[in-house]
Amino acid sequence: KDFNYKKISKVESFPVAKISGKHAVFISKNKFFLNKKFESEDCESWAVNLELDKPLRSSIKSLIEEMFQNYIILDEKLEKSEIEKKGYVSQILFSDFQGVSNFKTNRNTGNYSITLTTKIKIENSSKSFSNEISSNMIWDKNIFLNCNLKVGAINSGQKALDNLVKKIYETTYESLYQIMK
């Protein structure tokens, strides 16, 4: 068998609005945690091992590059009182990167689902918006008809990541609009 499958990759860029002003960005250093809850060995489920940390981080960094005219990625988050003192319009914090993947068989069907979540906090010295964003995808396949969960999990994981990053953009943009008005 060929186990050289494609991997989950950085989200392709999509049209975004450029945001003016100087912004501080902090991306948590905690690694993406995927909780794997598999109740079945069908569909070669033992071979599933999704790497989401690097694709998520590079997708967020690319999104930041596209979204902001002027930004800096910080090693540590700032206190609320420091944001404006240091000349920033806002501070955007990305944290709690995690997910859950489930697989079970129900009669002749393999059921896989993946949910990715992250938290985003956007603040200045007077306002703060906290958002938890999630994206979910499912994959179902007859276990007797070429059922390969590794392929299904990668495809579902990629779609979930694509949706998550688009939701990150929409939520960040809406919250920044509220802070800057």
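The preceding data block contains the structure.
Definitions and cut-offs
Residues numbered from 1 in each chain as written. Predicted model: local features only at pLDDT ≥ 70, side-chain atom pairs only at ≥ 80, totals over all residues. Heavy atoms only, no water. 1 Å grid on protein atoms, 1.4 Å probe; cavity = no way out; pocket = protein on both sides within 12 Å on 5 of 7 lines; lining within 4 Å. Points joined across faces, edges and corners; volume = space filled by probe spheres on them. Helix = DSSP H or I, 4+ residues; strand = E, 2+ residues; numbered from the N terminus. Nonpolar A, V, L, I, M, F, W, Y, C, P; charged D, E, K, R; others polar. Contact = heavy atoms within 4.5 Å. Salt bridge = Lys/Arg side-chain N within 4 Å of Asp/Glu carboxyl O. Buried < 20%, exposed > 50% of the residue type's maximum accessible area, 1.4 Å probe, protein only.

(A) A look at the layout of surface pockets. Taken as a whole, the largest pocket spans an internal volume of roughly 190 Å³. Lining of the largest pocket is provided by Phe 26, Lys 77, Leu 78, Glu 79, Lys 80, Leu 93, Phe 94, Ser 95, Lys 119, Ile 120, Lys 121 and Glu 123. When contributions to the lining of the largest pocket are tallied by element, the ones reaching two or more residues are β4 (90-106) and β5 (109-123). It is β5 that contributes the most residues to the lining of the largest pocket, four residues altogether. Here the lining of the largest pocket is built from residues that sort into five nonpolar, one polar and six charged.

(B) Just the side chain of Asp 53, in detail. Following the sequence through the fold, Asp 53 ends up in helix α1 (residues 53-67). Beyond its immediate stretch of four places on either side in the chain, Asp 53 contacts Asn 30, Lys 31 and Phe 32.

(C) Just the pattern of salt bridges, in detail. Overall, the coordinates contain six salt bridges when judged by the stated rule. With its nearest N and O atoms 3.1 Å apart, the salt bridge here joins Asp 53 to Arg 57. Residue Asp 53 and its partner Arg 57 are both found in helix α1; the two are separated by four residues, about one turn of the helix. As far as the burial class goes, Asp 53 and Arg 57 line up, both buried. Taken together, the shared-partner salt bridges connect Asp 96, Lys 119 and Glu 132 into one network.

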